[in-house]
Amino acid sequence: MSWTNYHSHYKYCDGVDDIDHHVQKAMELRLKSFGFSSHSPVHFENKWSMDSKDLSTYLEEIDHVKTQYAGQIEIYKSLEIDYFPEKSGLIQNFQRDLHLDYTLGSIHFVDVFEDGQPWEIDGPQLVFEKGLQEIFGNDIEKALRRYFEITIHMLEHDCPTILGHVDKIKMQNHNKFFFDEQSSWYKDYLSQALEVAAQAGTIVEVNTRGLYKKRASETYPGNFGLQRLKELKVPICLNSDSHHPREIIGEYENTALLLKELGFRELMVLKDNVWIARPFGEKGVSWK
Ligand SMILES: [Zn+2]
Ligand SMILES: [Zn+2]
């Protein structure tokens, strides 16, 4: 049994440490297949995205460890790409131009402030509150509708291989201050996005970062979303969204147990450059 992770960051964005430390730790943790997905450069000043001047070094480093560790662990090259409806096509362009092995598409920004600065929805609560007020007149339902609308736009117009943390916006709701996650309108928006994901044929990640960072009480997506994915027969993969080598399989065991309880039997893995479904248990994916 072995684990996989296709959502990881290291020092070129807001992740830390050298690529070698990540790969060595991944091997120590018995990973057979591991993908790097640093935050892609964006068209505005943003402290946690990769600087475009680092992009070629980042790609070269991954190519280097691919060869260096061949036969011990499969290394894959990707980016976590931000989606902006007005820049649709970027995900496919990145994949083609940079020869990425797969793409991970995520929503971290929703619309813009008056000065043109995109609203970051998974940053500090103060920034979240500012955007909610200035862009959406404090109407949380409207803001969430827009968040899921952009998600759907990405799936329909520039579909990534993997849909990243589909309901990450709920991290702002950790103290249950903004909205009721059990309300029918919220479930409907999330459900619609997952239905489009099913039609689009993307893999939806089960992201454990909120759990080990203690920013969410459930994975992204949580139980309701997972049940919908099961009903819709959407292929899933397990990702930690690690930013440090110690986070590479954070909360995997508990999450795998939960997925089994919910009736999932297989996880998608990238093996010899091909996505395949493999059975799994609490100790990992059956690799053979
Ligand atoms: Zn992300
Ligand atoms: Zn990430």
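So, here is what we can say about the structure in this document.

Criteria and cut-off values
Residues numbered from 1 in each chain as written. Chains lettered and ligands numbered in written order. Predicted model: local features only at pLDDT ≥ 70, side-chain atom pairs only at ≥ 80, totals over all residues. Heavy atoms only, no water. Axes fitted to C-alpha atoms, helices over the stretch in contact; angles between N-to-C directions. Helix = DSSP H or I, 4+ residues; strand = E, 2+ residues; numbered from the N terminus. Left-handed = near helix turned anticlockwise from the far one by under 90°. Contact = heavy atoms within 4.5 Å. Nonpolar A, V, L, I, M, F, W, Y, C, P; charged D, E, K, R; others polar. Pairing = 2+ DSSP bridges.

Right, let's talk about the packing of helix H1 (residues 19–28) against helix H2 (residues 55–68) for a bit. Their axes nearest at 11 Å, the elements H1 and H2 cross at an angle of 40°. For the pair H1 and H2, the sense of crossing is right-handed. Residue-level contacts link Ile19, Asp20 and Val23 of H1 to Glu61, Ile62, Val65 and Gln68 of H2. Class assignment of the residues belonging to the contact of H1 with H2 gives a composition of 4 nonpolar, 1 polar and 2 charged.

Here we take up the pairing of strand E10 (residues 266–271). Note: E10 against strand E11 (residues 274–281), 6 bridges, orientation antiparallel. Paired with Leu267 across the strands is Arg278, a residue of E11. Counted between consecutive antiparallel strands, the loop separating E10 from E11 contains 2 residues, among which Asp272 sits at a positive phi close to 50°.

Moving on to the sheet that holds E10. Pairing is antiparallel in the open sheet, where 3 strands are placed in the order E10-E11-E12. Since the sheet does not close on itself, it has two edges, and those belong to E10 and strand E12 (284–285), each with one partner. Of the strands in this sheet, E10 and E11 are in contact with helix H9 (residues 252–261), which crosses E11 at around 90°.

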